[in-house]
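Survey of secondary and tertiary structure
Residues per chain, in single letters:
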Amino acid sequence: MLVAAAVCPCPPLLVPEVAAGAAPELAAARAACTDALGVLAASRPDLLVVVGPAEESGRGPFPEGAPGSFRGFGVDLDVRLGGGAPLAGAPERPLPPSLAVAAWLLERTGWSDAPVEGLGVGEPLEVERCVQAGAGIVARADRVALLVMGDASACRTLKAPGYLDERAAGFDAEVARALGAADVAALKALDAELAYELKVSGRAPWQVLAGAAEGADLGGALLYEDAPYGVGYLVAAWS
């Protein structure tokens, strides 16, 4: 059963060492992520599953202790999922960037409340399969919490990675509303094709959350909403 969820953005710029001189610009987002992870800890889960977007080579599952790195972003910084040593015999497959950011957040907040596992999901994953994946996750333990990583549209401004798309602000506003209201039906109804066109990395992870939250009757709170680099960043907590 899903007892809590935190939704966070996944830009490597969340990590101050990666952001360097621009680190203060995402200070409010980091603080909101810390608050959201506090909701997870307060739920006393038996298992925490981290879900984030990934290319085909980075799809999970990943065991606790799986390694991640920000060396590809020019920073000599390594992390491990959950902070622990890898399981004996577990392959040392590196975490995709979204799960490396999650591992950094968990390490930063001193997570030790439950075992941690990771799952990378591909952008093309159909809605039905996302929902099924979420249902499968919460069947794993009596009390499951989710840390869901993903960004909204990368087309919010002229200088955004995907340039300006007039549809982006409306799409992101609906996602923000749905996450803030823990509106499972609205998350399931997100248009996958439109999300792809708007360069939304969080669509599939959010729909995994929707599948996990079916029948859990959780309440939501939107903790942060902004697009500082023309990319929509959202933080929400469900409990």
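Below, the structure is looked at part by part. Bear in mind the structure is a predicted one, so any value in this text is a computation, not a measurement. Each chain has its residues counted from 1, following the order in which its sequence is written. Per-residue local features are limited, in this predicted model, to residues with pLDDT of at least 70; the limit for side-chain atom pairs, both in listing and counting, is 80 or more; totals at the level of whole chains, interfaces and linings are taken over all residues. With hydrogens and water set aside, each side-chain value is computed from the structure's full complement of heavy atoms.

A word on the pattern of salt bridges. When a carboxyl oxygen of Asp or Glu is within 4 Å of a side-chain nitrogen of Lys or Arg, the pair counts as a salt bridge. Throughout the structure, instances matching the rule amount to 10 salt bridges. For Asp172, the salt bridge identified is with Arg156, shortest N-O distance 2.8 Å. Linking Asp172 in helix H5 (residues 168-181) with Arg156 in the loop between strand S6 (144-149) and H5, this pair joins segments that are 16 residues apart in sequence. Since its relative accessible area comes to 27%, Arg156 is described here as partly exposed. Arg167 serves as the salt-bridge partner of Glu197, at 2.9 Å between the closest nitrogen and oxygen. On the criterion of sequence distance, the pair formed by Glu197 in helix H7 (residues 192-197) and Arg167 in the loop between S6 and H5 is long-range, its members being 30 residues apart. The network of salt bridges with common partners includes Arg71, Asp76 and Asp78. By definition, any uninterrupted DSSP run of H or I lasting at least four residues is a helix, any uninterrupted run of E lasting at least two residues is a strand, and each is numbered from the N terminus. Remark: exposure states derive from per-residue accessible area (1.4 Å probe, protein chains only) relative to the maximum for the residue type, with buried under 20%, exposed over 50%, and partly exposed in between.

A few words on a nonpolar patch on the surface. Each patch is built from residues lacking any salt bridge and having more than 30% relative accessible area; the joining distance is 9 Å for like charges and 5 Å for nonpolar side chains (Val, Leu, Ile, Met, Phe, Trp, Tyr). To measure how exposed things are, a 1.4 Å probe is used in the Shrake-Rupley method; for residues, cover is taken only from the protein chains shown. Residues Leu158, Tyr163 and Leu164 make up a contiguous nonpolar surface patch of about 310 Å² in total accessible area. Among the structural elements, Leu158 can be located in the loop between S6 and H5.

Let us now look at the pairing of strand S8 (residues 233-238). With 6 of 6 residues buried, S8 lies mostly within the body of the structure. Neither face of S8 is left uncovered, since the one carrying Tyr233, Val235 and Ala237 and the one carrying Leu234, Ala236 and Trp238 both have all their residues buried. Two strands qualify as a pair provided that DSSP identifies no fewer than 2 bridges between them. Relative to S8, strand S1 (residues 2-8) runs antiparallel, the two sharing 3 bridges. Considered in S8, the bridge of Ala6 is made with Ala237. Where strand S7 (residues 220-226) lies against S8, 6 bridges are found, and the strand directions are antiparallel. In the strand pairing of S8, Gly220 is matched with Trp238. Count of turn residues in the S7/S8 antiparallel hairpin: 6 residues, of which Gly230 carries a positive phi of about 80°.

Turning to the nonpolar core, a few remarks are in order. Within this scheme, the nonpolar core is defined by two criteria: the residues are buried Ala, Val, Leu, Ile, Met, Phe, Trp, Tyr or Cys, and they are joined through side-chain atoms within 4.5 Å. The biggest cluster of nonpolar side chains holds 44 residues, and the ones touching the most others in it are Leu40, Val50, Phe70, Leu81, Leu106, Leu147 and Met149. Taken together, the elements giving at least two residues each to this core come down to S1, helix H2 (27-42), strand S2 (47-53), helix H3 (97-108), S6 and S8. Here this core takes 8 residues from H3, the largest share from any one element.

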